[in-house]
Every structure is written in structure tokens, then in C-alpha cells.
Amino acid sequence: MNTLKMIGFSHIEKIRFSAILTLAESRLKQKWKTTEHIPADFYLIKECLIPQMDEHEMLKHLPRQQCVFIRRTPDDPSVEEHQFYWGKEDNPSLQYLTEFFNKLGDNDNTPPPPADSQPIPIPETCFFNPQQGFLGHLLAPATTPLTFKLTNQHAGIVLLVDTEQNSYYSNSSLEQLEPYFFATTELQVANISAQQLQAASASQALKERPLTHLLWFTAFTCSQGKPIQGYQQSDIVHLKRWPDINLPGCKRLIKLAAYMHSNAVDLATAQANTGAPIEQIYNFYNACKVIGLIAHSEHTDVHEKTINDEQKQLLEKIGKRFNQTLQLPD
């Protein structure tokens, strides 16, 4: 059996690729399967990581004869290593995958990797960096209030931030502020005085709101399924307290919040026990970490509770009512 370690791919992409690999199983000369462990027989490298192969501390040490470069564009003749032309579709074709891996298996004369190989860390490009962009401005120390503006198409949105008072003022909802989250050169940030802040909020009837709400939702949205910078897969964490459950996107993760509040585990264990997609777990974890709700532990601490039939019936009733609530807009 040959094993494949996918590097730089999201959880959903890994599932899709594994499904195609399973469908091709009867046509393959050898058995192949993806793995999260190392050593592996081959490493599937996402195209966006190829430019870093000679620079990134982890990638440059991978044995090139065991690397398979996944490409969405035609093969590069200047690259001698294995190239798998995935194409523009979400998944490779079954026929091409079969032909490629049968040929790869026939040509495989690489020595087995050393048994003492170390775990492969996640490349930096696959992390979410909260210190960049709009969120970076919100997290940076500031001695005066700030005003945020975008281009004319969003001129009607008002956003004032007072970091020292942990508050912000706006005429728009959190969802309506999303154009700020990914803004780059069009984002304008300026210092204003406390008096100007008070005058602007009074003249436009802007309500003071907790800055943690804006920080949480910005991190939740911008994470895009990536773990936060500095995260290690072996990290054992728990939620010190719940975020505001009324924040956009938070209600649907109430089971995850409850589990992480009651247990200290790694995120893979949280995923296995809650069924939440790992991308959503990363988004939630990152947002909670940004506002200081995540604590780290040295040891796993799992609290498994047994409930009787009467308690089960009560929980089922609560669950039905909660599902009805989730059908309403956040």
C-alpha cells in the first residue's frame, strides 16, 4: 500500500480527493490512501506552495522524488519532479487519476523514509495571520480613537473605534462591515480626538458597542478555514467562557462551544466529538483566541457525562426548540 500526505489542502479538499481515490481503487494496480501521518510514501503539494519549495524551512527538506506537485495549469517542463495536472475542476478526473498513480507506482523505486522522521508542520501560507489588514489595525495599540473609511462605494458606512475603551461605533451591522475586513489599499485609517469621537457619535446617533464583537466576527470571517498563526496540531485547549452566542455564525456552533468549554482537548478531538467541519472549528477557535477566550492546557481533560432517559427527553425538546430558533436570521 502507498500512502499520500496532502500538504496545503483544506479538510474539504482532502475529503474530495480521498473520495475520488476510493472510486479509482478497482482500477489501480496498487492500493493508495491518504494519511495525516508521516512518514508517507508520497507528499502531494498544493500548487500555491511550489514557489516556496526551496525557501520554506519544512518544504525544502522534503525528498523531491517523493513529492507530487498538484497543478491546475499544464505541466512545467522545467520541473523534473512528479507533476499531477489536476485541471480547473474541483476534482481530478477518475481516468487521469488512475493513469497517473498506476504510472507513479510502476516507477516507484524510492527508499523508505527514515522511521524517526519528525511531524510535518503546516506551512506558514496555510495559517491565518491576525496581525495583517483591517484586523491588524484593530489589534494594534492606539492612544487615540480611530476612524476607518473605504472608497466612495461604501462612503455611507461609519466606523469609529476606541481601543482604550474597548468599544466601537457604527451605523451598520457587523455583517454590513465585512467590506472592511478584506480591504487593502482602499482602507483609510486616521486618528481622531476623544472629543471628535463624542461629537461624531452624538450627531449621528451612533450606539457604543463592544469592540470584542467586531474583533470576534472579523477573525471568524477572515480565517477562511485556516488555523491561526502559531497554532500546533498537538495544542490542548479549552474555552474559558463562551463568546456572545448572538454573534453572526456563532449560534450554529453552540455544540462546539459547549464541548470546548467543558473539555480540554486538541482540535482534532473536538472535531471528532462534535462533527463540526474542521474549517469551522478553526474559524471559531481563531475568533475566540483573538479576544482572549482560549486557554492552553498541558494535559487532556475530558468530562463525559451520562444522562438518564428523562434528561434525554428534556434535551431533545430543547434541541427541537433550538433548531426552530436557528431557522430565524442571526
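It should be noted that the structure appears before, not after, this text.
Below is a summary of the structure that appears in this document. Because the structure is a prediction, the values reported are computed rather than measured.

Right, let's talk about the packing of helix α6 (residues 211-222) against helix α9 (residues 278-290) for a bit. As a packed pair, α6 and α9 sit with axes 8 Å apart at the nearest point and diverge in direction by 150°. Accordingly, the angle class assigned to the pair α6 and α9 is roughly antiparallel. With respect to the hand of their crossing, α6 and α9 are arranged in right-handed fashion. Counting all contacts with α6, which are made through Leu215, Trp216, Ala219 and Phe220, the residues of α9 involved are Gln280, Asn283, Phe284, Asn286, Ala287, Cys288 and Val290.

This next bit is on the packing of helix α8 (residues 267-274) against α9. Here α8 crosses α9 at 125°, and the two axes come no closer than 10 Å. Judged by the inter-axis angle, α8 sits oblique to α9. The hand of the α8/α9 crossing is right-handed. Of α9, the residues touching α8 (which contributes Leu267, Ala270, Gln271 and Thr274) are Ile278, Ile281, Tyr282 and Tyr285. Counted by class, the contact of α8 with α9 contains six nonpolar, two polar and no charged residues.

Moving on, we get to the sheet that holds strand β5 (residues 82-85). One open sheet holds the five strands; their spatial order is β2-β1-β3-β4-β5, and the pairing between them is parallel. Lying at the two open borders of the sheet, with one neighbouring strand each, are β2 (32-35) and β5. On average, adjacent strands in this sheet sit at an angle of 30° to one another, irrespective of strand direction. Two elements, strand β4 (residues 67-71) and β5, share four bridges in a ladder whose sense is parallel. Of the residues in β5, the one forming a bridge with Ile70 is Phe84. Sitting on the sheet, helix α2 (residues 94-106) touches β1 (2-7), β2, β3 (42-45), β4 and β5, and the angle it makes with β5 is about 170°.

Our next topic: α9. The end-to-end C-alpha separation of α9 is 18 Å, in line with the 18 Å expected for 13 residues at 1.5 Å each. Among the 13 residues that make up α9, 11 are buried, leaving the element largely enclosed by the rest of the structure. Inspection of α9 places Ile278, Glu279, Ile281, Tyr282, Asn283, Phe284, Tyr285, Asn286, Ala287, Cys288 and Val290 among the buried residues, and these make up the whole buried set.

With that settled, consider the nonpolar core. Ranked by internal contacts, the top residues of the largest apolar core, which has 53 residues, are Tyr180, Leu214, Trp216 and Phe284. Core analysis: the next-biggest nonpolar cluster, separate from the first, contains 19 residues, Met6, Phe84, Trp86 and Leu97 among them.

This part takes up the sheet that holds strand β10 (residues 208-210). Spatial strand order, β9-β6-β7-β8-β10: five strands in an open sheet with antiparallel pairing. Single-partner strands in this sheet number two, and they are β9 (188-191) and β10. Each strand of the sheet is rotated relative to its neighbour by a mean of 30°, with strand direction disregarded. As paired strands, strand β6 (residues 146-149) and β9 are joined by four bridges and run antiparallel to one another. The partner of Phe148 across the bridge, within β9, is Val189.

Per the counting criterion, the structure on display carries 16 aromatic pairs. Their ring planes at 10° and their centres at 4.9 Å tell us that Trp216 and Phe220 sit as a pair that is stacked. Of this pair, Trp216 and Phe220 both sit in helix α6, four residues apart, roughly one helical turn. Of the two residues, Trp216 and Phe220, both sit in the buried class.

For Ala205, which is not a glycine, the phi torsion comes out positive at approximately 55°. For Ala205, the location among the structural elements is in the loop between α5 (194-203) and β10. In this structure, Gln224 is a non-glycine residue whose phi angle is positive, near 50°. On the secondary structure map, Gln224 appears in the loop between α6 and β11 (236-239).

Bringing the environment of Ser297 into the picture now. Structurally, Ser297 can be placed in strand β12 (residues 294-297). Accessibility expressed as a relative area gives 26% for Ser297, which makes it partly exposed. The spacing of Ser297 and Val237 is 60 residues in sequence and 5.7 Å in space, taken between C-alpha atoms. Apart from residues no more than four positions distant in its own chain, Ser297 is found in contact with Ile236, His238 and Ala264. Engagement of the side chain of Ser297 in a polar contact is seen with the side chain of His238, the distance being 3.4 Å.

Quick look at the pairing of strand β7 (residues 159-162) now. Taking every second residue as pointing to the same face, both faces of β7 are buried, with Leu159 and Val161 on one and Leu160 and Asp162 on the other. Summarising the sheet, β7 and strand β8 (residues 167-170) pair through four bridges and their orientation is antiparallel. Note on β8: the bridge partner recorded for Asp162 is Ser167. The hairpin formed by β7 and β8 contains four residues between the paired strands, and Asn166 there has a positive phi angle of roughly 55°.

Cut-off values and rules
Residues numbered from 1 in each chain as written. Predicted model: local features only at pLDDT ≥ 70, side-chain atom pairs only at ≥ 80, totals over all residues. Heavy atoms only, no water. Axes fitted to C-alpha atoms, helices over the stretch in contact; angles between N-to-C directions. Helix = DSSP H or I, 4+ residues; strand = E, 2+ residues; numbered from the N terminus. Parallel < 35°, antiparallel > 145°, perpendicular 65-115°, else oblique. Left-handed = near helix turned anticlockwise from the far one by under 90°. Contact = heavy atoms within 4.5 Å. Nonpolar A, V, L, I, M, F, W, Y, C, P; charged D, E, K, R; others polar. Pairing = 2+ DSSP bridges. Expected span 1.5 Å × (residues − 1). Buried < 20%, exposed > 50% of the residue type's maximum accessible area, 1.4 Å probe, protein only. Core = buried A, V, L, I, M, F, W, Y, C linked by side-chain atoms within 4.5 Å. Phe/Tyr/Trp six-rings, centres within 6.5 Å; stacked < 30°, edge-to-face > 60°. Polar contact = N/O pair within 3.5 Å; in protein donor to acceptor, adjacent residues only side chain to side chain.

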